[in-house]
Amino acid sequence: MPNVAFHLDKAAARPNKATIRRIVNKWSDAKLEANHSYIQWLFPLYTAGVNPYAHRLRKAETECSAGSASASAWVVKAYKRMLAFYGWRLVDEETGEVARLKSRSAHRERMINLTTHTHNYRRITRILASLGHCGFARYKEQLVTFLGAQIKAAKALPRPPKRPKRPSRKSSRKAVKAYRAELRAHTKARRKYRKSVAGSYALLKSSYKRFWAPTVAYGNKRAYKRATAASPSERRRLSVFFR
């Protein structure tokens, strides 16, 4: 059971040969961003990922991992590390409550990194699905709830002006000049908005609706399976971490 061995800190990820202890405790944010072969080991799925050396999660492994105090503890540590990487923190290990990092500057910096490196959206989808497989359904439920609330709050804040309407070919030089000035102002405002916290959360709306919310859609078996490759009944699997 390669995935269980990794979560027990008894085997290293391939091909980078890093243990879960090293990844969680030693790797910098920059390394977590640049490397693309560790996430499949930290949060394995039933489906294959981009790392050919990683192993698909087997159902027998989910039971073993959920029933192991040591493996479950490392899952929590890995989850907390990835939350920090995205600008968030685990407030309560028992309930799974999530909040922003206490440092406003750190939170903003990590959020901008998230939305400028959009492959992280897929990583979040993987994390949510894997948590459900390994007995941490309450963790993914709380993260989805947190993200939904942040996105909703961002939508209520002022947004940049709409792109100005292009003048017709018959427009005067003055109208064309005014249009170009408005376009420059629009572009500047748009860039500023995208680098704001509100703008960053607003950019997550599509991924939230299409990929993240379905990972907790227990009442819609088809949507849930499409998002996680599993049955909603896995919600009943509870990690020994909570017992």
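Quick caveat: nothing in here was measured; it's all calculated off a predicted structure.

### Brief notes about the nonpolar core
Phase 1: Residues Leu42, Phe43, Tyr79, Met82, Trp88, Leu143 and Leu204 are the most contacted members of the largest nonpolar core, which totals 50 residues.
Phase 2: Elements with a minimum of two residues in this core: helix H2 (20-26), helix H4 (39-42), helix H6 (69-86), strand S1 (88-90), helix H7 (104-116), helix H8 (119-133), helix H9 (137-155) and helix H11 (197-202).
Phase 3: Element by element, the count of residues in this core is highest for H6, at nine residues.
Phase 4: Among the nonpolar cores identified, the runner-up in size contains six residues, and Leu57, Ala137, Tyr224 and Ala230 belong to it.

### Topic: the packing of aromatic side chains
Phase 1: A full pass over the atoms with the stated rule returns 13 aromatic pairs.
Phase 2: Seen from their ring centres, Trp88 and Phe146 are 5.8 Å apart, and the 70° between their planes marks the pair as edge-to-face. Within this pair, whereas Trp88 is found in strand S1, its partner Phe146 is found in helix H9, the two being separated by 58 residues in sequence.
Phase 3: On the basis of relative accessibility, which here comes to 8%, the residue Phe146 falls in the buried class.
Phase 4: Ring plane angle 90° and centroid distance 5.5 Å describe the contact between Phe241 and Phe242, whose orientation is recorded as edge-to-face.
Phase 5: Taken together, the ring pairs connect Tyr79, Phe136, Tyr139, Phe241 and Phe242 into an aromatic cluster.
Phase 6: One cation-aromatic arrangement involves Lys77 over Trp74; the distance from NZ or CZ to the ring centre is 4.2 Å.
Phase 7: For Arg138, the ring lying beneath its charged end belongs to Phe242, and the centroid distance is 3.9 Å.

### So, the side chain of Thr125
Phase 1: Here Thr125 lies in helix H8.
Phase 2: If near-sequence neighbours (up to four positions away) are discounted, Thr125 is found in contact with Phe211 and Trp212.

### Let's talk about the packing of H8 against helix H12 (residues 205-212)
Phase 1: Between H8 and H12, the shortest axis-to-axis distance is 11 Å and the interhelical angle comes to 35°. Viewed along their axes, H8 and H12 form a crossing whose handedness is right-handed. Here Tyr121, Ile124, Thr125 and Leu128 of H8 lie close against H12, whose contacting residues are Ser207, Phe211 and Trp212.
Phase 2: Residues of the contact of H8 with H12, tallied by class, amount to five nonpolar, two polar and no charged.

### As for helix H5 (residues 59-66)
For an α-helix, the turn length of 3.6 residues means that residues three or four places apart are oriented alike.
Phase 1: Glu61, Thr62, Ser65 and Ala66 are the residues of H5 that are buried. Around the axis of H5, the buried residues are gathered within 125° of arc, so they sit on the same side.
Phase 2: Contact partners of the buried residues in H5: helix H1 (2-7), H6 and H8.

### With respect to the state of the cysteines
Phase 1: In this structure the tally under the stated criterion is zero disulfides.
Phase 2: With no disulfide of its own, Cys64 has Cys134 as its nearest cysteine by sulfur position, at a separation of 11 Å.
Phase 3: Cys64 gets classed as partly exposed once you look at its relative accessible area, which sits at 33%.
Phase 4: Taking relative accessible area as the criterion, Cys134 reaches 3% and is therefore assigned buried.

### As for unusual backbone geometry
Phase 1: Geometrically, the link from Arg14 to Pro15 is a cis peptide bond, its omega value of 10° lying close to zero.
Phase 2: With respect to the helices, strands and loops of the structure, Pro15 is situated in the loop between H1 and H2.
Phase 3: Positive phi, normally seen in glycine, also occurs at Ala229, with a value near 60°.
Phase 4: Take Ala229: it is sitting in the segment after helix H13 (221-228).

Cut-offs used in this document
Residues numbered from 1 in each chain as written. Predicted model: local features only at pLDDT ≥ 70, side-chain atom pairs only at ≥ 80, totals over all residues. Heavy atoms only, no water. Core = buried A, V, L, I, M, F, W, Y, C linked by side-chain atoms within 4.5 Å. Buried < 20%, exposed > 50% of the residue type's maximum accessible area, 1.4 Å probe, protein only. Helix = DSSP H or I, 4+ residues; strand = E, 2+ residues; numbered from the N terminus. Phe/Tyr/Trp six-rings, centres within 6.5 Å; stacked < 30°, edge-to-face > 60°. Lys NZ or Arg CZ within 6 Å of the ring centre and 35° of its normal. Contact = heavy atoms within 4.5 Å. Axes fitted to C-alpha atoms, helices over the stretch in contact; angles between N-to-C directions. Left-handed = near helix turned anticlockwise from the far one by under 90°. Nonpolar A, V, L, I, M, F, W, Y, C, P; charged D, E, K, R; others polar. Arc of directions from axis to C-beta. Disulfide = S-S within 2.5 Å.

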